[in-house]
Amino acid sequence: MLDIVGSTQVWNNMNIQRIAAFVMDGRGGNPAGVVVAAQLPSEAEMLRIAHEVGYSETAFAARNADVWETRYFSPESEVPFCGHATIALGAALAGEHGDGTYELALRDGRISVDARIQDGRGYSVLRSPRTRSEAAPGDMIAQALWVFGYADGDLDRDLPVMLANGGSQHLIVPLRTRGLLARMSYDLDQGRVFMRRHGLVTVAFIWREAERVFHARNAFASGGVLEDPATGAAAAALAGMLRDHDLLSDGDLTIYQGEDMGRPSRIDVSFAGPAGSSVSVGGVSARI
């Protein structure tokens, strides 16, 4: 059972912190569970804790020499990489061990997160896994439009619909208008079947306000969550897609997410270097 102690929960002597990542103007953000333990629990126990916490993801970390072994779990399954939970984990590590760069050993590779605490809030910047992307098959696009109630004419023809990966797999669907983005709606069970059939962590709908400013909504039925207020992994995948296919030159971009959920969030992204290289994803964190 979980015992609530202030803003921290305790499970079998492990503290479970609740931290919102990608907070904007002191509110919103995407809540994550964070467990920093002497050793990682079993997979079954991590899944059980993530289910009890109830957030889209909970990050688990344990020090092993000079790296932190890190795993991510949604309420229903393990996730290979989670951006917002990494941003929250960075804030937790900076709070316990001081500002600095923390090396994380994930299930399928290594990344790092730079974290600092200032005025009671954390700011973390993660370096994503390598990126890759490819055009989405036509039948997958048609299925996605049907599941989410869109038509072919709703797509922004200036950007492609693509499968993009910056640590986990996402379907990126550009829409023509902000109003179409606000209209996103779907059945959770249908979305879960679609995403799991195609190995997708999220379906990310985006609208481009300006060359380097995007608005996004991310359906996360694969993890048992209708929508994510801020998705760092999808932000990394989007940035990698734009760079790797010469759709945007090196530099910064800003992604706003969660506005239609009442949890406004801001994701800061920067990228440079050759196609496929990692990108930087940053944001503010605050304890819940």
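That block above? That's the structure.
Owing to the predicted nature of the structure, the values given are computational and were not obtained by experimental measurement.

K.L.:
Describe the packing of aromatic side chains, listing the residues and the values that go with them.
P.N.:
What the rule picks out here adds up to five aromatic pairs. Taking 6.1 Å as the distance between ring centres and 90° as the angle between the ring planes, the aromatic pair formed by Tyr 72 and Phe 81 counts as edge-to-face. For Tyr 72, a relative accessible area of 0% translates into the label buried. Ring geometry for Phe 148 and Tyr 186: centres 4.6 Å apart, planes at 45°, overall tilted. Of the two residues, Phe 148 is situated in helix H3 (residues 138–148) and Tyr 186 in the loop between helix H4 (178–182) and helix H5 (188–197); the sequence distance between them amounts to 38 residues. By the burial criterion, Phe 148 is buried, and Tyr 186 matches it.

K.L.:
Which residues make up the environment of Asp 99, and what values do they have?
P.N.:
As for its position among the elements, Asp 99 is in the loop between helix H2 (83–97) and strand S8 (100–106). Sequence separation of Asp 99 and Phe 220 is 121 residues, and the distance between their C-alpha atoms is 32 Å. One polar contact links the side chain of Asp 99 to the main-chain amide nitrogen of Ile 117, over a distance of 3.0 Å.

K.L.:
I'd like to hear about the pairing of S8, residue by residue, with values.
P.N.:
Sheet topology note: the strand S6 (residues 67–73)/S8 ladder contains two bridges and is parallel. Each bridged residue has a counterpart across the sheet, and for Glu 69 the counterpart in S8 is Ala 105. Between S8 and strand S9 (residues 109–118), which follow one another and run antiparallel, lie two residues.

K.L.:
Lay out the environment of Ser 265 in plain terms, naming residues and giving numbers.
P.N.:
Among the secondary structure elements, Ser 265 is positioned in strand S18 (residues 265–271). Given a relative accessible area of 0%, Ser 265 falls into the buried group. Between the C-alpha atoms of Ser 265 and Arg 196, which are 69 residues apart in sequence, the distance is 26 Å. Sequence-distant contacts of Ser 265, defined by excluding residues within four places in its chain, comprise Phe 22, Met 24, Gly 29, Asn 30, Pro 229, Ala 230, Ile 255, Tyr 256 and Gln 257. Reaching out from Ser 265, the side chain makes a polar contact with the backbone nitrogen of Gly 29 at a distance of 3.3 Å. Here Arg 263 takes part through its backbone oxygen, which lies 3.0 Å from a polar atom of the side chain of Ser 265.

K.L.:
I'd like a rundown of the pattern of salt bridges, residues and numbers included.
P.N.:
A complete count under the given rule lists 15 salt bridges for this structure. A salt bridge links Arg 217 to Glu 227; the shortest N-O distance between them is 2.8 Å. Placement of the pair is Arg 217 in strand S15 (residues 213–220) and Glu 227 in strand S16 (residues 225–228), with a sequence separation of ten residues. Classification of Glu 227 as buried rests on a relative accessible area of 11%. Salt-bridge contacts for Asp 244 lead to Arg 243; the nearest nitrogen and oxygen are separated by 2.8 Å. What you see here is one network of salt bridges that share partners, running through Glu 43, Arg 71, Glu 78, Arg 107 and Asp 108.

The rules behind the values
- Residues numbered from 1 in each chain as written.
- Predicted model: local features only at pLDDT ≥ 70, side-chain atom pairs only at ≥ 80, totals over all residues.
- Heavy atoms only, no water.
- Phe/Tyr/Trp six-rings, centres within 6.5 Å; stacked < 30°, edge-to-face > 60°.
- Buried < 20%, exposed > 50% of the residue type's maximum accessible area, 1.4 Å probe, protein only.
- Helix = DSSP H or I, 4+ residues; strand = E, 2+ residues; numbered from the N terminus.
- Polar contact = N/O pair within 3.5 Å; in protein donor to acceptor, adjacent residues only side chain to side chain.
- Pairing = 2+ DSSP bridges.
- Contact = heavy atoms within 4.5 Å.
- Salt bridge = Lys/Arg side-chain N within 4 Å of Asp/Glu carboxyl O.

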